[in-house]
Amino acid sequence: PERILAVTLTNKAAREMKERLAVLLGDGPLPFVATFHGLGRELLQSYGRVIGVPRYFSVYDRDDSERAIKEALKEMDIDPKEVPPRAILSRISKAKGAGMTAQSFKQKHGGEGFRARVASEVWLKYDATLIKEKALDFDDLISKPVLLLEEHADMRALAEARFDYIHVDEYQDTNSVQYELAHLLAGEKMNLCAVGDGGQNIYSWRGADIAHLMEFEVTFPGAKVVTLEQNYRSTRTILSAANAVIEKNKNRKPKILYTDNGIGDPITLYGAKNEIDEAWFIAQSASQLIGQGKKPSEIAILY
């Protein structure tokens, strides 16, 4: 089991997987289960010293990063109200997710205007702060392991040798560095099992690239594709509506969802006049359901 790596996107999913495996496998060795960030942290603690990452480092959360960027803006005599630290951090984060460094970002975007120039200068100061504090941010936990494995073949060989089988969940929501990290660890063995859904790509705003899933068979020639079409959760009405919507996508692989569940309630569509009308409709609908005996905990509002 310890030769198996399982990677998912959220801490909650990773915890659930670990708990289930512990029940199934008992006290014996367990697969290594982690988020991409947890995997990156493990790789950096094991091999990061060759790229200057200390074995013991702290990890900046979003608030820490925004504070450091705010200080960098003040050093440059730029009002953080004029250029919000959150916006700068978002730009840096997306660039790191695409595999860029502060230097490559400055070369490519530094001359594109005021905001881009500020972002490139702030990034350099932000990196200097992280080094001084012996810290990394969340994006570094993936981008730096990729840099490590790309530039040091001996370390890559050690990391590859740890795992014979790699499983990646929610593959459609991987960004460039996450994809590259999984690809580097798969190495020549190419034993990578990816689970994903081309109809559920929700993190494109964060740099996720659905091409990683759509072109899987090109990247891994000879891959076996298993289409999972049976749905155990939804009613037939919900699935027929979902199928009708998703089939309009041009860049997709054929898949028709089906279920053994019942037809279920019809879908209601309400065209609200404005946001106030919309809020009243939702509140009244919830109130009616509660009056009919539904538990408030069974009512969800997606927005």
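Before reading further, recall that the structure is shown in the block above.
Residues numbered from 1 in each chain as written. Predicted model: local features only at pLDDT ≥ 70, side-chain atom pairs only at ≥ 80, totals over all residues. Heavy atoms only, no water.

Turning to the overall build of the chain, a few remarks are in order. Counting its secondary structure elements, the chain contains 13 helices and six strands. Split into buried and exposed, the 303 residues of the chain put 33% on the buried side. Taking all contacts inside the chain whose residues are at least 6 apart in sequence as the whole, residues at least 24 apart take part in 73%. Surface accessibility of the chain: about 19100 Å² in total, with carbon and sulfur atoms responsible for 53%. A gap of 1 Å separates the mean positions of the 40 positive and 43 negative side-chain charges of the chain. (Helix = DSSP H or I, 4+ residues; strand = E, 2+ residues; numbered from the N terminus. Buried < 20%, exposed > 50% of the residue type's maximum accessible area, 1.4 Å probe, protein only. Contact = heavy atoms within 4.5 Å. Areas by Shrake-Rupley, 256 points an atom, 1.4 Å probe, with all protein chains shown as cover. Lys, Arg positive; Asp, Glu negative; His and termini not counted. Charge placed at Lys NZ, Arg CZ, Asp CG, Glu CD.)

Glancing now at the packing of helix 2 (residues 36-47) against helix 9 (residues 176-186). Viewed as axis vectors pointing N to C, helix 2 and helix 9 meet at an angle of 55°, and their least axial separation amounts to 11 Å. By the angle class used here, helix 2 and helix 9 are oblique. Where helix 2 crosses over helix 9, the two elements pack in a sense that is left-handed. Judged by residue contacts, F36, L39 and L43 of helix 2 engage Q178, L181 and L185 from helix 9. Each residue belonging to the contact of helix 2 with helix 9 can be placed in one class, and the counts come to five nonpolar, one polar and no charged. (Axes fitted to C-alpha atoms, helices over the stretch in contact; angles between N-to-C directions. Parallel < 35°, antiparallel > 145°, perpendicular 65-115°, else oblique. Left-handed = near helix turned anticlockwise from the far one by under 90°. Nonpolar A, V, L, I, M, F, W, Y, C, P; charged D, E, K, R; others polar.)

Before going further, it helps to spend a moment on helix 4 (residues 85-97). When the terminal C-alpha atoms of helix 4 are compared, their 18 Å separation across 13 residues agrees well with the 18 Å that a helix rising 1.5 Å per residue should span. What helix 4 keeps buried is the set P85, I88, L89, I92, S93, A95, K96 and G97. For helix 4, the secondary structure elements touched by its buried residues are helix 3 (62-75), helix 5 (102-109), helix 6 (114-132), strand 4 (135-137), helix 7 (140-151) and helix 9. Just downstream of helix 4, G99 is the residue with a positive phi angle, here 90°. (Expected span 1.5 Å × (residues − 1).)

What follows deals with the pattern of salt bridges. Applying the stated criterion across every chain, the model contains 15 salt bridges. The shortest N-O distance in the salt bridge between R162 and E42 comes to 3.0 Å. Of this pair, R162 sits in helix 8 (residues 153-162) while E42 sits in helix 2, and the two are 120 residues apart along the sequence. Taking relative accessible area as the criterion, R162 reaches 24% and is therefore assigned partly exposed. (Salt bridge = Lys/Arg side-chain N within 4 Å of Asp/Glu carboxyl O.)

Relative to the helices and strands, N231 is located in the loop between helix 11 (216-219) and helix 12 (236-246). The exposure class assigned to N231 is buried, which follows from its relative accessible area of 18%. For N231, the contacting residues outside a window of four places in its chain are L239, Y258 and T259.

For any two helices packed against each other, one specifies the crossing angle of their axes together with the interaxial distance. Taken N-terminus to C-terminus, the directions of helix 5 and helix 6 make an angle of 165°; their axes are 9 Å apart at the nearest point. As judged from the angle between their axes, helix 5 and helix 6 are roughly antiparallel. You can see that helix 5 and helix 6 cross each other, and the crossing is left-handed. Residue-level contacts link A102, Q103, F105, K106 and H109 of helix 5 to A116, A119, S120, E121, W123, L124 and D127 of helix 6. Across the contact of helix 5 with helix 6, the residue classes tally to six nonpolar, three polar and three charged.

A separate point is the sheet that holds strand 6 (residues 192-194). With respect to topology, four strands assemble into an open sheet ordered 2-1-5-6, the strand pairing being parallel. Either end of the sheet is taken by a strand with one partner, and the two such strands are strand 2 (32-35) and strand 6. Each strand axis lies, on average, 15° off the axis of its neighbour in the sheet, ignoring direction. In terms of strand pairing, strand 1 (residues 4-8) meets strand 2 through four bridges, oriented parallel. Paired with L5 across the bridge in strand 2 is F32. (Pairing = 2+ DSSP bridges.)

Our focus in this paragraph is the nonpolar core. Taken as a class, soluble globular proteins show a tendency for nonpolar side chains to be buried jointly. Among the nonpolar cores identified, the biggest contains 27 residues, and I166, Y171, L181, L185 and L192 are the most heavily contacted of them. At the level of elements, strand 1, helix 2, helix 7, helix 8, strand 5 (165-168) and helix 9 are the ones that each hand at least two residues to this core. Element by element, the count of residues in this core is highest for helix 9, at seven residues. Residues within four places of L181 in sequence aside, it is in contact with F36, L39, L43, I142, P145, V146 and L149. Counting 21 residues, the second-largest nonpolar core is a separate cluster that includes I69, A95, V118 and Y126. (Core = buried A, V, L, I, M, F, W, Y, C linked by side-chain atoms within 4.5 Å.)

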